[in-house]
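# Secondary and tertiary structure notes
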Amino acid sequence: MQQKNASVFNLAVIVAALGYFVDIYDLLLFSIIRVPSLRSLGLNDAQIASDGLFIINIQMLGLLFGGIFWGILGDKKGRLKVLFASIILYSLGNIANGFVQTVNQYATIRFITGFGLAGELGAGITLVSELLPKEKRGIGTSLVAGIGLTGAVVAFFIKELFEWRTCYFIGGGLGFALLLLRVGVLESGMFKSIQDSRIARGDIRILFNNAQRFRKYLCAILIGLPTWYVIGILVTFSKEFSEHMGIDGKIDPGKAIMFAYAAISIGDIVVGLVSQWFRSRKKALFLFYGLTAVGIGWFFSLEGQTPGSLYAACALLGFGTGFWAIFVTMAAEQFGTNIRATVATTVPNMVRGALTLVSLLFVSLQASLGYVMSGLVTGIIVMVVAIVAAFLSEETFHKDLNYVEE
């Protein structure tokens, strides 16, 4: 059951936040060290762009499949078991990444690592949502994301200090260190209350055998699309965009990611407070959609500007897409305890996996529209889809989570 007087700074929140910190460090590390790591494997600039996108897409597919696996396991076996098992897998994957010698090896290990990473956020958000009372869960989950997202900032500074292979070894070591902290975390009381019952748990068919549930699930995925369009396309490939837009100076994609994620971490904390102030998840979400749209417009008006202007635009885009915790919390709040971990784990990873489709759209438009305009049109399509999905989603701020899906 939820703990009425539970603090938002309790052990479960702190450990979930630190777990997500390592998750984001590992998830964004490839984007940060993409250029130097692939160059050290003998690739030229054109191959770094094309093979870099290929590796990111493979990593995202790992997240997609891992999200389904860990989500179902979280509802069948418990939230804590997923947290332990997933971190072991992605820690081993990151250590293995430090030994790759070819693009195919790189992509294969990133798939395995992505599969492991997929279990972290959904299980953590589910556990925190079920342990905290409804008056505090929005702030609690925002703290998890806000603290966790600084992992990308730390990854950038680690990249500045160490060779790229060492960066992967450090990520693996951080993951194993986290296992010691997780020993004292308690399982969700809501999960334990149905653990020995005959209620179907983790049955993904529940999401598809009812039209209303399926619509809710689909909308829960689509409202998160702008986050990975911004990070996976605009920020990760800021170097390539800057060259096509005539930016007067050299762009470091790792620095762009650092600025974006520093702002995302702030945005994720602010959106939780805004949600509490509005007493509404959706109103806070629409406010941040507006900021994201402004950031996209600014990004594509940087023709001939300086690197500082591009980094500032990336920061605004990061702050605007700092609604990651709210959108995952909304997903968790819309479904019963027997399927909640499945939803909360698959939804963010479906969004990450959808980057493959978004990037295919981006690439397919380039022949007719060019590199820059195809990026803008892709962004407009993504924003329209997300806004419509948000309008169709239910408000969940006051919802009691102690129920099951039939």
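Our structure's up above, just so we're on the same page.
When helices and strands are counted, the chain shows 18 helices and zero strands. Against the compact-globule benchmark of 22 Å for 406 residues, the chain has a radius of gyration of 20 Å, which places it among compact chains. Reported as C-alpha extents along the three principal axes, the dimensions of the chain are approximately 60 × 45 × 35 Å. Looking at the 406 residues of the chain, the share that counts as buried comes to 61%. Within the chain, contacts between residues at least 6 apart in sequence are counted, and of these 85% link residues at least 24 apart. One way to put it: in the chain the 31 positive side-chain charges average out to a point 7 Å from where the 25 negative ones average out.

On to the side chain of Thr113. Position of Thr113 relative to the elements: it lies in helix α4 (residues 103-117). In this structure Thr113 touches Tyr90, Gly93, Asn94 and Asn97, once residues within four positions along its chain are discounted.

Here the focus is the packing of aromatic side chains. Aromatic ring pairs are described here by two measures, namely the spacing of the ring centres and the angle between the planes. Per the stated rule, a full pass over the model turns up 25 aromatic pairs. Relative to Tyr106, the ring of Phe30 has its centre 5.2 Å away and its plane inclined at 80°; by these criteria the two rings are edge-to-face. You can see Phe30 sitting in helix α1 (residues 11-40) and its partner Tyr106 sitting in helix α4, a full 76 residues away along the chain. Overall, Phe30 belongs to the buried group, its relative accessible area being 1%. On the basis of relative accessibility, which here comes to 0%, the residue Tyr106 falls in the buried class. Residues Trp164 and Tyr168 carry aromatic rings whose centres are separated by 6.2 Å and whose planes lie at 85° to one another, so their mutual orientation is edge-to-face. Of this pair, Trp164 and Tyr168 both sit in helix α8 (residues 164-181), four residues apart, roughly one helical turn.

Reading the values: rules and limits
Throughout this document, residue positions are counted from 1 along each chain, in the order its sequence is written. Totals for whole chains, interfaces and linings use all residues, but because this is a predicted model, local features are given only for residues with pLDDT of at least 70 and pairs of side-chain atoms are given and counted only at 80 or more. Side-chain calculation: all heavy atoms of the structure are included, whereas hydrogens and water are not. Each helix corresponds to a stretch of at least 4 residues labelled H or I by DSSP, and each strand to a stretch of at least 2 residues labelled E; elements are numbered beginning at the N terminus. For a compact globule the rule gives 2.2 Å times the number of residues to the power 0.38, and the radius of gyration it is set against comes from C-alpha atoms. Each residue is placed in one exposure class: buried if its accessible area under a 1.4 Å probe, protein chains only, is under 20% of its type's maximum, exposed if it is over 50%, and partly exposed if it falls in between. Contacts were defined at the residue level, with two residues in contact if any of their heavy atoms lie within 4.5 Å. Positive charges come from Lys and Arg alone, negative charges from Asp and Glu alone, with His and the N- and C-terminal ends not counted. Every charge is mapped to an atom, namely NZ of Lys, CZ of Arg, CG of Asp or CD of Glu. Pairs were defined over the aromatic rings of Phe, Tyr and Trp, the Trp ring being its six-membered one, requiring ring centres within 6.5 Å. Orientation was assigned from the angle between planes: stacked under 30 degrees, edge-to-face over 60, tilted for the rest.

It is worth stressing that arrangement in space is one thing and function is another; only the former is reported here.
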